[in-house]
Amino acid sequence: MLDVAVAYSRYRFLGAEFLTWLWYAVETEPDVIKAAAMGRGVLSVGDRIVLENSLDQPVERVTISGENADLGEGMLALKKGALVAELRLHYTAGDQDWRFSLKGDTLALTGLKTPRSAPVESADEIEGAVLDKVGLCDEVVRLVDSLFLRFVKLRVSERWREEVIPKMKAWIKGARF
Amino acid sequence: MGLLSSSVALARYRVEGKLEEPVLETVAESLERHVIGDIDGNLPEKAVGWTSFETPYQPDFAKSSLVIGAYFVFALRVDKKTIPRGVIGKHCAAEEARELARTGAQYITREEKRRIRGQVEEGLLLTIPATPNIFDVIWHYEAGELWLCSTLKEANEALETLFYRTFNLSLIRLFPFTLAELSAKLSAAAHDRLLAISPTSLKG
């Protein structure tokens, strides 16, 4: 394997491409998302998207946030060559829901809010609470892995250039938000 | 922010290698050897070590649940003393005034200022308490996966260094490329294509 620090810098764009593809897939390819979630839940874009255009120097950064944010600004940034650097997502499965942000460069999860579990009222309840919380966090971790691994397989295939890029460009061009 | 907080941050790692059997005893003894030290009342500005999940301010791996289900659960603790610049400046000014009065000199040399500042900082480090920062660690030993409940660069770097020193095992941070390499199970041809990829432009 390549040196980790070298790989981090050399392939940093991979995470931004993943998040951009994820936004596209959430909006236009629900079957892909459904398959990654093993039919358990629904994923939607949350209330914050950060885009970065590394073609510009200094790097241009556009942040769209808020419940009624104008996603058109994000599309405009994509048209200019920006990619998604950070994406807030909302995942619902049955009556449970998760909210979390994914950072493209590290794929770290931040601001992860899992479905509520019973409050810990005594020391005896800590072990159960830990297992509950780990299980709830793991649900999102597995979903992200499943989505990312689907993306990687697509990204290294011929389909990426021949099929996915034209479709994503058409989505960006024709987007009406 | 810890695992049981309402909002969690997770940095993910792959653990390379296995520990000596019996694993539970090896983990417990290794954590104990690198437990966080108390630096209050002492000179060090910073201490990095392990602590127990349930009692992070009173590390005790025997009383706290180190194993929960399939996981080792403990915490990284980073204690730091931060002396506000203004406090150092105030104490230095007072010390320099005392020095001038004592020697009758007109001014204080740069060398003398440096000496006074060093003494002041040492004195303050002995009195100022360290602020503890606690980051929970969840280690699924059998799966070779580890989570740190923080995405702060300083916490992640401290974890990587201390983990290696403690267990003699390497942590590989899972970011897009490492996750693709370690988990995507790509064919040799697909792996070669991964190594050769260059950025996509969606500029329209």
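Figured I'd write up the structure that's included with this text. Predicted model only: the values in this text are computed from it and were never measured.

As for the packing of aromatic side chains
Stage number 1. Counted according to the given criterion, the structure contains 20 aromatic pairs over all chains.
Stage number 2. When the ring of Y8 of chain A is compared with that of F175 of chain B, the centres are 5.2 Å apart and the planes differ by 90°; the resulting orientation is edge-to-face. Separated into two different chains, Y8 of chain A in helix α1 (residues 4-10) and F175 of chain B in the loop between β7 (170-173) and α5 (176-183) make up a pair that spans both.
Stage number 3. Look at F175 of chain B and you get buried, because its relative accessible area is 4%.
Stage number 4. Taken together, the ring pairs in this structure connect W50, F72, F74, W139, Y141, F163 and F167 of chain B into an aromatic cluster.
Stage number 5. If you follow K18 of chain B out to its NZ or CZ, it ends over the ring of Y141 of chain B, 4.4 Å from the centre.

Side note on the interface of chain A and chain B
Stage number 1. Taken together, the contact between chain A and chain B spans 52 residues of the former and 47 residues of the latter.
Stage number 2. When the two sides are added together, the surface that chain A and chain B hide from each other amounts to roughly 4,300 Å², 69% of it contributed by carbon and sulfur.
Stage number 3. The partner of R142 of chain A in a salt bridge is E145 of chain B, with the nearest N and O atoms 2.8 Å apart.
Stage number 4. For the pair chain A and chain B, the number of links is 17 residue pairs in polar contact (both at pLDDT 80 or more).
Stage number 5. Going through the elements one at a time, α1, α2 (13-28), α4 (72-79), β5 (109-113), α5 (126-155) and α6 (158-174) of chain A are the ones with two or more residues in the side of chain A that touches chain B.
Stage number 6. Ranked by residue count, the leading element in the side of chain A that touches chain B is α5 of chain A, at 17 residues.
Stage number 7. By residue class, the composition of the side of chain A that touches chain B is 31 nonpolar, seven polar and 14 charged.
Stage number 8. Where β5 of chain A lies against strand β1 (residues 8-16) of chain B, two bridges are found, and the strand directions are antiparallel. For L109 of chain A, the partnering residue across the bridge sits in β1 of chain B and is L10 of chain B.

Considering the packing of α5 of chain A against α5 of chain B
Stage number 1. The contact between α5 of chain A and α5 of chain B brings their axes to 10 Å, and the two run at 85°. By the criterion of interaxial angle, the relationship of α5 of chain A to α5 of chain B is roughly perpendicular. Residues D145, F148, L149 and V152 of chain A of α5 of chain A lie in contact with α5 of chain B, whose contacting residues are P176, L179, A180 and S183 of chain B.

Structural notes on the pairing of strand β2 (residues 46-52) of chain B
Residues and elements named next belong to chain B.
Stage number 1. By the criterion of burial, β2 is predominantly enclosed, with five of the seven residues buried.
Stage number 2. Across seven bridges, β2 lies against strand β4 (residues 71-80) in antiparallel orientation. Its bridge partner lying in β4, V48 is registered against V78.

With respect to the pattern of salt bridges
Stage number 1. Scanning the model with the defined rule gives 24 salt bridges over all chains in all.
Stage number 2. One salt bridge connects R142 of chain A with D145 of chain A, and the closest N-O pair in it is separated by 3.5 Å. Residue R142 of chain A and its partner D145 of chain A are located together in helix α5, separated by three residues, close to a single helical turn.
Stage number 3. The exposure class assigned to R142 of chain A is partly exposed, which follows from its relative accessible area of 33%.
Stage number 4. Accessibility expressed as a relative area gives 10% for D145 of chain A, which makes it buried.
Stage number 5. Among the salt bridges present, the one from R98 of chain B reaches E95 of chain B, with a minimum N-O distance of 2.7 Å.

What about helix α3 (residues 110-127) of chain B?
At 3.6 residues per turn, the α-helix brings residues three or four places apart onto the same side.
Residue and element names in this part refer to chain B.
Stage number 1. Over its 18 residues, α3 runs 26 Å from end to end, which matches the ideal 26 Å to within 8%, given 1.5 Å per residue.
Stage number 2. Of the residues making up α3, those classed as buried are E112, I116, V120, L124 and L125.
Stage number 3. Taken together, the buried residues of α3 touch α2 (85-103).

Overview of the environment of K203 of chain B
Stage number 1. The residue K203 of chain B is located in the segment after α6 (188-196) in this model.
Stage number 2. On the basis of relative accessible area, K203 of chain B is assigned to the partly exposed category, the value being 47%.
Stage number 3. For the pair formed by K203 of chain B and K81 of chain B, sequence separation is 122 residues and the distance between their alpha carbons is 49 Å.
Stage number 4. When residues no more than four places from it in sequence are discounted, the contact partners of K203 of chain B are L55, L78, K79, K80, G81 and K169 of chain A.

A closer look at the nonpolar core
Stage number 1. The biggest cluster of nonpolar side chains holds 82 residues, and the ones touching the most others in it are W21, L22 and F100 of chain A.
Stage number 2. Per-element tally for this core: the top contributor is α5 of chain A, with 15 residues.
Stage number 3. In this structure, F100 of chain A is in contact with L43, L87, R88, L89, Y91, L109, T110, G111, L112, V140 and V144 of chain A, ignoring residues within four places of it in sequence.
Stage number 4. Listed in part, the 28 residues of the second largest apolar core include L76, W139, F163 and L169 of chain B.

Some details on the packing of α5 of chain B against α6 of chain B
Residues and elements named next belong to chain B.
Stage number 1. For the pair α5 and α6, interaxial distance at closest approach is 11 Å and the crossing angle is 170°. By the angle between their directions, the pair α5 and α6 is classed as roughly antiparallel. Two secondary-structure elements touch here, α5 through F177, A180 and E181 and α6 through H191, L194 and L195.
Stage number 2. For the contact of α5 with α6, the class distribution of residues is four nonpolar, one polar and one charged.

What counts and how
Residue numbers run consecutively from 1 along every chain, following the written order of its sequence. Chains and ligands are labelled sequentially in the order written, the chains with letters from A and the ligands with numbers from 1. Restriction of local features to residues with pLDDT of at least 70 applies here, the model being predicted, together with a cutoff of 80 or more for giving and counting side-chain atom pairs; totals for whole chains, interfaces and linings are based on all residues. Here the side-chain values reflect all heavy atoms present in the structure, with hydrogen atoms and water set aside. The rule is short: rings of Phe, Tyr and Trp, with Trp giving its six-membered ring, pair when the centres are within 6.5 Å, and they are stacked under 30 degrees, edge-to-face over 60, tilted in between. The way it works is that DSSP assigns letters per residue, a run of H or I at least four long becomes a helix, a run of E at least two long becomes a strand, and they are numbered from the N terminus. With a 1.4 Å probe rolled over the protein chains alone, any residue whose accessible area is under 20% of its type maximum counts as buried; one over 50% counts as exposed, and the rest are partly exposed. A ring has a charge above it when a Lys NZ or an Arg CZ is no more than 6 Å from the ring centre and no more than 35 degrees off the ring normal. In what follows, residue pairs with any heavy atoms lying within 4.5 Å of each other are defined as contacts. The term buried area denotes the loss of accessible surface (1.4 Å probe radius) that occurs when two parts are joined, taken as the sum for both partners. Throughout this description, the term salt bridge denotes a Lys or Arg side-chain nitrogen within 4 Å of a carboxyl oxygen of Asp or Glu. In protein, a polar contact requires one atom able to donate a hydrogen and another able to accept it; more generally it is a pair of N or O atoms within 3.5 Å, and residues adjacent in sequence count only if both atoms are side-chain atoms. As a working rule, the residues Ala, Val, Leu, Ile, Met, Phe, Trp, Tyr, Cys and Pro are called nonpolar, Asp, Glu, Lys and Arg charged, and the rest polar, with Gly in that last group. Here the rule is simple: two strands pair whenever DSSP picks up at least two bridges between them. Axes here mean lines fitted to C-alpha atoms, for a helix over just the part in contact, with angles spanning 0 to 180 degrees between N-to-C directions. Angle categories: roughly parallel below 35 degrees, roughly antiparallel above 145, roughly perpendicular from 65 to 115, and oblique for all the rest. The span one expects for a helix is its residue count, reduced by one, times 1.5 Å. We call a set of buried residues a nonpolar core when its members are Ala, Val, Leu, Ile, Met, Phe, Trp, Tyr or Cys and they connect through side-chain atoms within 4.5 Å of each other.

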